Amino acid sequence: IQRVFSGVQPTGNLHLGNYLGAIANFVKLQETHNCIYCVVDLHAITVWQNPDELTHNIREVTAAFLASGIDPDKHIVFNQSQVAEHAELAWVLNCVARLGWLNRMTQFKEKAGKDRENASVGLYAYPNLMAADILVYRATHVPVGEDQKQHLELARDIAQKFNNDFSESIAAKGYDAKFFPQPEPLITGPATRVMSLRDGSKKMSKSDPSDYSRINLTDDADAIAQKVRKAKTDPEPLPSEEDGLKARPEADNLVGIYAALAGRTKADVLREFGGGQFSTFKSTLVDLSVDKLGPIGNEMKRLMQDPAHVDAVLVKGAGRARAIASETMKAVKNIVGFVQAK
Ligand code: TYM
């Protein structure tokens, strides 16, 4: 049985994109894989976080995992900073990855903006920590949204370079030549890149200053209804076939959201709503969104009333994660040639 790893940053405003692009797929994979789902708090601090808000946000992502249907007894749910091996392996990988590789990362360029001199070193090295997250469990599959594709490709390159750089030591010490497997991205479903409700050319994001750009997982029915009704559209009726969505990013986005929430394809949704007005489609989308997201938001709020319970889930998950990660780290130290207790 194959191993899945994925992570979500506790940086507030968890939204529909995080849910459809990632968390909803995490839930499904539980049936077929051993899954490890991580609240990546070390990644969050690559941009300064208010400490109290960070604590709150770590619990909130955990609550979102549980409320969406991730089972912390059958699978592993924890926060990254409780398993020191992530940071430890990241250092080794910092010494494997090349500056030239990181220089190509588009997310760093976007996040650092024009004032690159002022970006944290952590923000730059972020993808190496992400590679460490995956490789420390030797995970084979990584469910993510489209925006993480480049980081996953880098993780694959790092895994391969480690295996090559240390191939003789790996063989001499009796490990499999592919010590780190090549992690495969799982970018699946009709909503791998959910766009802003205000601008079909921008990704839905936690950091967009307009709350109307996204549906938050904790939004109540009224907020969801208002945001969907105000979502930008164009004046044309909906097309009857997927091809007709090509130059219409806002329509494409809403149809994709509908399809993902309903567990249908975009083509199927258009067969039902093609030729109709947006107003009708939007009303149905409001009902569907409230139906699917309402219970998750309510359960998140209920879980947040009991932070001690949420923290206990994370501590227990961290213990189980550490048991796997420490084995890998022992082997890595052995391969690299560090001296350690037997
Ligand atoms: P983060 O916290 O930005 O986002 C969490 C997940 O949500 C997906 N996502 C989206 N999917 C569709 N449409 C959107 N608008 C949208 N916005 C976000 C992301 O692709 C992601 O899957 N670097 C990662 C966290 C991470 C990680 C890892 C992921 C750290 N280590 C190891 C996988 C494996 C991130 O910043 O995700």
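What you see is a predicted model, and the numbers here were worked out from it, not measured in a lab. (Residues numbered from 1 in each chain as written. Predicted model: local features only at pLDDT ≥ 70, side-chain atom pairs only at ≥ 80, totals over all residues. Heavy atoms only, no water.)

**Some thoughts on the site of the ligand**
Phase 1: Near the ligand, the surroundings consist of 28 residues, among which Q9, Y126, D133, D147 and V194 are the closest.
Phase 2: In the environment of the ligand, an oxygen atom lies 3.1 Å from a nitrogen or oxygen atom belonging to the side chain of N18.
Phase 3: Residue Q148 places a side-chain N or O atom 3.0 Å away from a nitrogen atom belonging to the ligand.
Phase 4: Taken by itself the ligand offers 710 Å² of open surface, and the protein chains cover 96% of this.
Phase 5: Where the shell around the ligand is concerned, the elements lending two or more residues are β1 (3–8), α1 (16–29) and α7 (121–135). (Near = heavy atom within 4 Å. Polar contact = N/O pair within 3.5 Å; in protein donor to acceptor, adjacent residues only side chain to side chain. Areas by Shrake-Rupley, 256 points an atom, 1.4 Å probe, with all protein chains shown as cover. Helix = DSSP H or I, 4+ residues; strand = E, 2+ residues; numbered from the N terminus.)

**Notes on the pattern of salt bridges**
Opposite charge on two side chains permits pairing when their charged atoms draw close.
Phase 1: Under the counting rule described, the total for this entry stands at 19 salt bridges.
Phase 2: Here K161 and D165 are joined by a salt bridge, their closest N and O atoms 2.9 Å apart. You can see K161 and its partner D165 sitting in helix α8 (residues 149–165), 4 residues apart, about one turn around the helix.
Phase 3: Its salt-bridge partner being D211, residue K227 comes within 3.0 Å of it at the nearest N-O pair. With K227 in helix α10 (residues 221–230) and D211 in the loop between β5 (184–186) and α10, the pair connects residues that are 16 residues apart, well separated along the chain. (Salt bridge = Lys/Arg side-chain N within 4 Å of Asp/Glu carboxyl O.)

**Details of the pairing of β1**
Phase 1: Relative to strand β2 (residues 34–39), β1 runs parallel, the two sharing 6 bridges. Across the sheet, the residue bridging to V8 is V39, located in β2.
Phase 2: Between the parallel elements β1 and β2, the chain passes through α1 in a crossover that is right-handed. (Pairing = 2+ DSSP bridges. Right-handed = clockwise from strand over helix to strand, strands pointing away.)

**Structural notes on the packing of aromatic side chains**
Phase 1: Tallied over the entire structure, the rule returns 14 aromatic pairs.
Phase 2: For the ring pair Y258 and F281, a centre distance of 5.4 Å and an interplane angle of 35 degrees mean the geometry is tilted. Taken together, the residues Y258 in helix α11 (residues 249–262) and F281 in helix α13 (residues 278–304) connect sequence positions 23 residues apart.
Phase 3: A network of ring pairs unites the aromatic residues F162, F166, Y175, F179 and F180 as a single cluster. (Phe/Tyr/Trp six-rings, centres within 6.5 Å; stacked < 30°, edge-to-face > 60°.)

**Observations regarding the side chain of N18**
Phase 1: Residue position: N18 is located in helix α1.
Phase 2: Judged by its relative accessible area of 16%, N18 is buried.
Phase 3: Once you skip the residues sitting within four places of it in the chain, N18 turns out to touch N13, I23 and K206. (Buried < 20%, exposed > 50% of the residue type's maximum accessible area, 1.4 Å probe, protein only. Contact = heavy atoms within 4.5 Å.)

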